[in-house]
Amino acid sequence: MQRINRSVQYDIRFITQLRRNMAHFVKPSHLLLFVFFLSSLESILATTREGEALVKWKNSLAPSSFLDSWSLTNLENLCNWTGITCNSAGSVSEINLCEKQLDGMMSEFGFTSFPYLNNLTLAYNFFSGPIPSAIENLTQLQFLDLSNNNLDGPIPLQVSHLQRLLVVNLSQNALQASNWSNFSPMPFLRILNLSSNHLVSKFPEFISNSHSLAILDLGYNNFTGDLVREFTNLQNLETLYLDDNSFEGPFPPDIVQLSKLKDLTLSTNKFSGSIPDDIRLLCDLEFLYLGNNSFEGPLPPNIFKLSKLKHLVLWSNNFSGSVSNDIGLLSELEILNLHSNFFEGPLPPNVFKLSKLKLLSLHDNNFSGFVSNDIGFLSELEHLHLGHNFFEGPLPSNIFKLSKLRYLGLSNNRNLFEGSIPIGLGLLTNLRFLDLYSNNLGGYIPSDIGNLKLLVNLDLSSNQLTGPLPKIVSNLTNLISLDVSDNSLIGNIQSDLWKYNDHRNLENINLSGNHFTGELPTTICNATSLSVLDLSNNGLSGALPNCFGNLADGLHYINLANNQFRGKIPTTFSRSCQLTYLNMDNNEFEGLLPPSLANCEHLKILDIGNNKIGGTFPSWLYALGELEVLVLQSNKLYGTISGRSIKDPFPKLRIMDLSNNQFTGHLPIQYFKNMKSTDNLYSYQYSSVVLYFSYEAAVSLTVKGTEYEVRNNLHIYTAIDLSCNKFQGEIPKVTGELIWLALLNLSHNSLTGHIPSLLRNMKELQSLDLSSNQLTGAIPPQLTALTFLEVLNLSKNHLSGEIPQKGQFSTFNNDSYLGNSALCGSPLTKKCVNTGSPPQEVGNADEDDAGDKLIWEAIVMGYGCGLICGLSSAYIVLKLGKPWWFVRYIEVLQLKLMKRYA
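Note that the structure is a prediction, hence the values are computed from the model and not measured.

Caption draft 1: Region of the structure containing unusual backbone geometry. Residue Ser826 is joined to Pro827 through a cis peptide bond whose omega torsion reads 10 degrees. Tracing the backbone shows Pro827 in the loop between strand S63 (822–824) and strand S64 (859–860). One non-glycine residue, His388, adopts positive backbone phi at about 55 degrees. Note that His388 resides in the loop between strand S26 (383–385) and strand S27 (390–391). On the accessibility criterion, His388 (19% relative accessible area) is buried.

Caption draft 2: View of the sheet that holds strand S60 (residues 776–777). In space, the three strands of this open sheet follow the order S60-S62-S63, with parallel pairing throughout. The two strands at the open ends of the sheet, each matched to only one other strand, are S60 and S63. With two bridges connecting them, S60 and strand S62 (residues 798–802) associate as parallel partners. Each residue of the ladder has a partner; that of Thr776, found in S62, is His798.

Caption draft 3: Region of interest: the packing of aromatic side chains. The full count for this structure, using the stated rule, is 25 aromatic pairs. Plain terms: the ring middles of Phe271 and Phe295 are 6.2 Å apart, the flat faces sit at 10 degrees to each other, and that makes the pair stacked. Of this pair, Phe271 sits in strand S17 (residues 270–273) while Phe295 is found in strand S19 (residues 294–297), placing the two residues 24 residues apart along the sequence. Per residue, the accessibility class of Phe271 equals that of Phe295, and both read buried. A centroid spacing of 5.6 Å and a plane angle of 75 degrees characterise the contact between Phe809 and Phe812, whose relative ring orientation is edge-to-face. Residue Phe809 shares its accessibility class with Phe812, and that shared class is buried. Taken together through their ring pairs, the aromatic side chains of Phe223, Phe247, Phe251, Phe271, Phe295, Phe319, Phe343, Phe367 and Phe391 make up a single cluster.

Caption draft 4: Looking closely at the state of the cysteines. A complete count under the given rule lists four disulfides for this structure. A sulfur-sulfur distance of 2.1 Å marks the disulfide that ties Cys79 to Cys86. Measuring handedness by torsion sign, the sulfur bridge of Cys79 and Cys86 sits at about -100 degrees and is left-handed. Through a disulfide, Cys824 is tied to Cys832; the S-S separation comes to 1.9 Å. Here Cys824 and Cys832 share a disulfide; its torsion about the S-S bond, 100 degrees, makes the bridge right-handed. Assigned by exposure class, Cys824 and Cys832 land together as buried.

Caption draft 5: Molecular detail of empty space enclosed by the protein. Applying the stated rule across the entire model yields four cavities of 30 Å³ or more. When its volume is computed, the largest cavity comes out at roughly 80 Å³. Taken together, Ile155, Val159, Ser160, Val168, Leu170, Trp180, Phe183, Met186, Leu189, Leu192, Leu194 and Phe206 make up the full set of residues lining the largest cavity. When its residues are assigned to classes, the lining of the largest cavity shows 11 nonpolar, one polar and no charged. Considering only enclosed or pocket space, the second largest cavity measures out at about 40 Å³ in volume. Lining the second largest cavity, in full, are Val323, Ile327, Leu336, Leu338, Leu347, Pro348, Val351, Leu362 and Phe367. Tallied by class, residues from the lining of the second largest cavity come to nine nonpolar, no polar and no charged.

Caption draft 6: How the structure looks around the pattern of salt bridges. Counted by the stated rule, this structure contains eight salt bridges. A salt bridge links Glu626 to Lys604, with the shortest nitrogen-to-oxygen separation between them at 3.9 Å. One end of the pair, Glu626, is in the loop between strand S46 (612–615) and strand S47 (629–631); the other, Lys604, is in the loop between strand S44 (588–591) and strand S45 (605–607), and 22 residues separate them in sequence. Here Glu626 falls in the partly exposed class, since its relative accessible area comes to 28%. Put simply, Glu628 and Arg654 hold a salt bridge, and the shortest N to O gap is 3.6 Å. One end of the pair, Glu628, is in the loop between S46 and S47; the other, Arg654, is in the loop between strand S48 (636–641) and strand S49 (655–657), and 26 residues separate them in sequence. Here Glu628 matches Arg654 in class, with each residue buried.

Caption draft 7: Looking closely at the pairing of strand S2 (residues 92–96). Bridge count for strand S1 (residues 84–86) against S2 is three bridges, and the pairing is antiparallel. The residue of S2 that forms the bridge with Ile84 is Ile95. As paired elements, S2 and strand S4 (residues 119–121) share three bridges and run parallel to each other. Across the sheet, residue Ile95 finds its bridge partner in S4, namely Leu120.

Caption draft 8: Expanded view of the sheet that holds strand S23 (residues 342–345). One open sheet holds the nine strands; their spatial order is S11-S13-S15-S17-S19-S21-S23-S25-S27, and the pairing between them is parallel. Edge positions in the open sheet fall to strand S11 (200–201) and S27, since each of these has one partner strand only. Alignment of strand S15 (residues 246–249) against S17, held across two bridges, turns out to be parallel. The residue of S17 that forms the bridge with Gly249 is Phe271.

Caption draft 9: Examining the environment of Gly219 more closely. Relative to the helices and strands, Gly219 resides in the loop between strand S12 (215–217) and strand S13 (222–225). In the structure, Gly219 is positioned 25 residues away from Asp244 in sequence and 5.6 Å away in space, judged by C-alpha atoms. Those residues in contact with Gly219 that sit more than four places away from it in its chain are Ser195, Ser196, Tyr241, Leu242, Asp243 and Asn245.

Caption draft 10: Looking closely at the environment of Phe417. You can see Phe417 is positioned in strand S30 (residues 417–420). Here Phe417 falls in the buried class, since its relative accessible area comes to 0%. Distance from Phe417 to Ser438, taken between C-alpha atoms, is 9.1 Å for residues 21 residues apart in sequence. Ignoring any residue separated from it by four or fewer positions in sequence, one finds Phe417 in contact with Val371, Phe391, Glu392, Gly393, Pro394, Leu395, Leu410, Asn439, Asn440 and Leu441.

Conventions we followed
- Residues numbered from 1 in each chain as written.
- Predicted model: local features only at pLDDT ≥ 70, side-chain atom pairs only at ≥ 80, totals over all residues.
- Heavy atoms only, no water.
- Helix = DSSP H or I, 4+ residues; strand = E, 2+ residues; numbered from the N terminus.
- Buried < 20%, exposed > 50% of the residue type's maximum accessible area, 1.4 Å probe, protein only.
- Pairing = 2+ DSSP bridges.
- Phe/Tyr/Trp six-rings, centres within 6.5 Å; stacked < 30°, edge-to-face > 60°.
- Disulfide = S-S within 2.5 Å.
- 1 Å grid on protein atoms, 1.4 Å probe; cavity = no way out; pocket = protein on both sides within 12 Å on 5 of 7 lines; lining within 4 Å.
- Points joined across faces, edges and corners; volume = space filled by probe spheres on them.
- Nonpolar A, V, L, I, M, F, W, Y, C, P; charged D, E, K, R; others polar.
- Salt bridge = Lys/Arg side-chain N within 4 Å of Asp/Glu carboxyl O.
- Contact = heavy atoms within 4.5 Å.

Right, here's the structure in full:
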């Protein structure tokens, strides 16, 4: 390199000397030839300079075979190098390295070496670091595209000094906003794309004065403020993308003056108010996207005068009223998306005259009435979503004339769609998604559903369908998700459904809530692509195939609850186990819990309650460090529990239900002191290019002696139920360290001693049940500090003295204290003889300290009777007749969680 540089210096000196003496040594007849020679030599030197700059930059980048032609030994072919274009004089005019997988920075790029460069395109690579301010040396630049890289730092103001620029594309990077007031307007700029960066600022001022702009894209940033006077000077604007920002205020008034505007996208901001009637002035508008804002009111009548409109997308606002029949004037309309608003009334008849319509999405509104058979006239329709409305009557049979339909969603019409699924469904051979869940549809599943060979999602759940699952369903070889849950289907589960070679894509099967019977076929073990399997709430029986545990290598979610399965739980859970949720509640499983479940290190929820599982407490459960919910209630477990050798057992546990067993010994409370609620929802989610689905996890818990399925609010519970066992000894003081615990049930054991006053530290406690034990002494007055306590049961003990009257204690009735003959005071009828201070708890002087750290050598649990935990308040209000203590519990707990995680 030094040799070449030195040679160039000698050549320059030589040329200079020649020019000085040219008049003396060159004859006039040879002058023209000599000038041509000098020009050629200067061109060679310029080429050398540009080539050296390119090679120097190449050497600063990660090695790439795409740049093999860039070499100092190949300078004579510079104009044929990869990505290089030269002008007629042989100087580099374009550098286009789009999608060449290049990795490096721009800091070594020789900006001063390319005086004639008019196009710099480095899009779709892996460039990082800032954009150098030296870019202002590319004074002839007209096209700058650095999009889809990893560039960061502020956008340098020197970019605006390039006054010849026509196109600037810096999108899809990590660039930051600069002080826009220092930027110069760019008079010739036609396209500016700054989308998908980290720009946090007001609307950039220089843009408002760049009069030639035709396309402006600021989407997917965090621009803020209103846009009252930003577009007055942009009269050439044809495309405006401001989506996914934080702009606010009314619809920008100057926009309606942009007479050339064809594409307007303001989606996902904070705009509010109504759409101005002056929107009719945008007579060339073809695409209008205002979704996910706070616009309100009825649609302005003049919006239907935009005769060139192709896309009208207003989803997720607060629009209301009926949709005018004038919508039929939008004869060019291809996409009509009004979902998630408050539109009401019947569908306007003229909507079925929009012959070019490809997408009609009206779900999550208040539309009502019948869906006309005229829907069959929408012959170009590919996507139809009318779910979550109040449509009624039978499904229009002419829907099945829509031969191009790919998505059909008529779900959740408040049980008003009725009748059977019409014959003709099999004519929709292009259908990928069929979603009819939560209607009032009855009858058999039509057999011609097997003609839908392209179907990837079939959801017929929550209807009143009867009969067997048609065998023809097994012909749907492209299925990703099959959901027929909560119907009245009968018969055995087909063995053909589990053929791996025919169902390689099957991720989700939900057959729960039906009347399926019989045993699981062994072919289920072929379904290795499954992620979600829900067979709960049926009449399935028999033993699980031995290979069932191997399915957990791919399955994340298994729910077999409320069936009649028997025998031992398979022992074949391998180290590749992916399970996060396993529910086998309410079956007839017996034997021991298989130790191989310890291989399922991702397990968060384990519910094996209401079975016949025996043996001692499985100590290998301590290996499940992610476990948050453990339900083993109502089994035949016995003996002591010892976690003394475990440094931090159950570090994430929030719900423990060991009730209704035969555990003995001292309470193992200290093993659960890490309990706290979480803001993480318990759900399994699957997403692919074509499908998304989610399942909320659920477990069976006991509320006031009645068992319920807790689903929607499972993530907010913190509870311990050790009730109905044979635990002995005193309640350990460490119980007071369970400061996040909301529900504690230690009832129906053989506990002795006093109620620890340190329980006052459990500030989150909502329900406390210590009934049916042998507790003695006074009720500690310190417990009146539990301001959120809604349920208290101290009945059937040997407590004495006066009942505290402060705080929540004044709200409890006599049921909380019955069976304690020595207790007195309100609400009991027995009056206290001595009206002085109530007796204090007898105990060590240091009991009021922050809590002694007790270590128990033998920890055991007994015979169970129910977890005082919770489920959604609305559900319990309906089922239990307004238990307002629980309503209050849910409201308070959710409010506190919101504050905690705000």
